[in-house]
Every structure is written in C-alpha cells, then in structure tokens.
Amino acid sequence: QSASQFTDPTTGFQFTGITDPVHDVTYGFVFPPLATSGAQSTEFIGEVVAPIASKWIGIALGGAHNNDLLLVAWANGNQIVSSTRWATGYVQPTAYTGTATLTTLPETTINSTHWKWVFRCQGCTEWNNGGGIDVTSQGVLAWAFSNVAVDDPSDPQSTFSEHTDFGFFGIDYSTAHSANYQNYLN
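Reading the values: rules and limits
- Residues numbered from 1 in each chain as written.
- Predicted model: local features only at pLDDT ≥ 70, side-chain atom pairs only at ≥ 80, totals over all residues.
- Heavy atoms only, no water.
- Pairing = 2+ DSSP bridges.
- Helix = DSSP H or I, 4+ residues; strand = E, 2+ residues; numbered from the N terminus.
- Buried < 20%, exposed > 50% of the residue type's maximum accessible area, 1.4 Å probe, protein only.
- Disulfide = S-S within 2.5 Å.
- 1 Å grid on protein atoms, 1.4 Å probe; cavity = no way out; pocket = protein on both sides within 12 Å on 5 of 7 lines; lining within 4 Å.
- Points joined across faces, edges and corners; volume = space filled by probe spheres on them.
- Nonpolar A, V, L, I, M, F, W, Y, C, P; charged D, E, K, R; others polar.
- Patch = residues over 30% accessible without salt bridge, like charges linked within 9 Å, V, L, I, M, F, W, Y side chains within 5 Å.
- Areas by Shrake-Rupley, 256 points an atom, 1.4 Å probe, with all protein chains shown as cover.
- Salt bridge = Lys/Arg side-chain N within 4 Å of Asp/Glu carboxyl O.
- Phe/Tyr/Trp six-rings, centres within 6.5 Å; stacked < 30°, edge-to-face > 60°.

1. Describing the sheet that holds strand S8 (residues 94-95)
Ordered by their spatial adjacency, six strands build an open sheet running S8-S7-S6-S5-S12-S13, and the pairing between neighbours is antiparallel. In this open sheet, the two strands that pair with only one neighbour each are S8 and strand S13 (165-172). In this structure, strand S12 (residues 138-146) lies alongside S13, joined through eight bridges in antiparallel fashion. Looking at the pairing, Ala144 lines up with Phe166 of S13.

Below is the structure:
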C-alpha cells in the first residue's frame, strides 16, 4: 500500500496515511513545513483510528521491528495509554531511552465502537542509534495490530504478546507537510 492524503472528518487535520482494509485501522501523519535552511524539525502529528476490538496498535517509524523507534498505544477506559519503545532483536520491545516525547492531543476520543489517538511526537525523526526518517524523501512505515490485550492496560510500559498481524506502507514524506501544522497544535 501507498499512503495518500486525507482529511480527518472531525478535526479537519490533513494527514498522509492509509486505512488498513483488513482491520479497518487508519494511520495518518503530518509534518511541520520543510525548513528552507538548517535542520528539519524532528516532530510530527500522528493519528490512529482503530475499532474498539483493536487491543493495541504499534507503528515502526523506520519500517522494521529492530533498531527503529516504535510507538505503541491502546485504549484503557476513557484514555489512551502510549509509549515509545525500542528493540534490537525479535523480542519484546523495551522503553526507548532517547529524547522522543509523545503527547496525546485533545482531539483524541474513545467511544463504544472506535478509539482515535491524535498525538504529537517530538524528537521522533532522529534516533539514538543514528537512524531516523528523512522528511524530505520517501520511506516505509510498518504497523502492528493485536486483538489480544496488553498485560497491564494502565501501565505505558506493559508487556504484551506478539502482534496478531502486521504490514507495511510506503509514504512520500516530502508531500506530508502542512502550513497549518502549528494551528493543529493550538
């Protein structure tokens, strides 16, 4: 699959992403405007919209489980629990020790059928190991899905069973930037 642009119908935010047709989970990303000189921003706003049967969702920002910044999230009652993770092998990812910061934005909602996690990910395009996302180019993202709940839903660092499904999609980061980015944060 390849990412395309879409507008969230309730927030009006314009994202670039996909909806996985098997699990009906939407993944979207928007980045600040490209810098004309100097370093690019290392943050983005993301969105996951998942059926309530989705017990946890993961995103591998570099398209692979190992040596990539991983984001995991799940609904716990009326809130979203999330964390950044890291793995160097095909084992349970542990807490990421880098400077990445996840902030759940007010547009996040949970109802009887779906949960929507809208989040700001700061320090998320450059990683401790020297890897990262080139926001001026094309890349591949990976998603993970599980219909098995995490071991302790209230704990952002909870352990969990291996995902029950996963997949990949291509994204052109160079077209995933928005002049409205700062407005989305206000």
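2. So, the pairing of strand S4 (residues 44-51)
A large share of S4 lies buried, amounting to eight of its eight residues. Burial along S4 is two-sided: Phe44, Gly46, Val48 and Ala50 and Ile45, Glu47, Val49 and Pro51, pointing in opposite directions, are all buried. Bridging between strand S3 (residues 25-30) and S4 involves five bridges; their strand directions are antiparallel. Note that in S4 the partner of Thr26 across the bridge is Val49. Two elements, S4 and strand S11 (residues 114-122), share eight bridges in a ladder whose sense is antiparallel. Looking at the pairing, Ala50 lines up with Trp115 of S11.

3. Focus: the environment of Asn78
Here Asn78 is to be found in the loop between strand S6 (70-76) and strand S7 (79-86). Relative accessible area serves as the criterion here: at 73%, Asn78 is assigned to the exposed category. Placed 27 residues apart in sequence, Asn78 and Pro51 show a C-alpha to C-alpha distance of 14 Å.

4. Description of the state of the cysteines
Applying the stated criterion across every chain yields a total of one disulfide. Each disulfide pairs two cysteine sulfurs, and for Cys121 the partner residue is Cys124, the sulfurs being separated by 1.9 Å. Around the S-S axis, the bridge from Cys121 to Cys124 shows a dihedral of about -80° and counts as left-handed. Note on accessibility: Cys121 and Cys124 belong to one class, buried.

5. Digging into the layout of surface pockets
Rolling a probe over the atoms, with the probe sized like a water molecule, indicates the empty space that remains. When its volume is computed, the largest pocket comes out at roughly 440 Å³. Lining the largest pocket we find 23 residues, and of these His65, Tyr90, Pro93, Ala144 and His163 sit closest to its centre. For the lining of the largest pocket, the secondary-structure elements that each account for two or more residues are strand S5 (56-60), S6, S12 and S13. Considering every element that reaches the lining of the largest pocket, the biggest residue donor is S5, with four residues. Taken together, the residues of the lining of the largest pocket break down into 16 nonpolar, six polar and one charged.

6. Examining a nonpolar patch on the surface
A cluster of nonpolar side chains, Val140, Phe166 and Phe168, forms an exposed patch at the surface whose accessible area comes to about 290 Å². Among the secondary structure elements, Val140 is positioned in strand S12. By relative accessible area, which is 41% here, Val140 ends up partly exposed.

7. Some words on the packing of aromatic side chains
To describe a pair of aromatic rings, you give the distance between the ring centres and the angle between the ring planes. Taken as a whole and assessed by the stated rule, the structure comprises 14 aromatic pairs. An angle of 20° between the planes, with centres 4.2 Å apart, marks the rings of Phe13 and Tyr184 as stacked. One end of the pair, Phe13, is in the loop between strand S1 (4-7) and strand S2 (14-20); the other, Tyr184, is in helix H1 (residues 181-185), and 171 residues separate them in sequence. Take Phe13 and Tyr184: they sit in the same class, and that class is buried.

That's the geometry; what it means functionally is another story.
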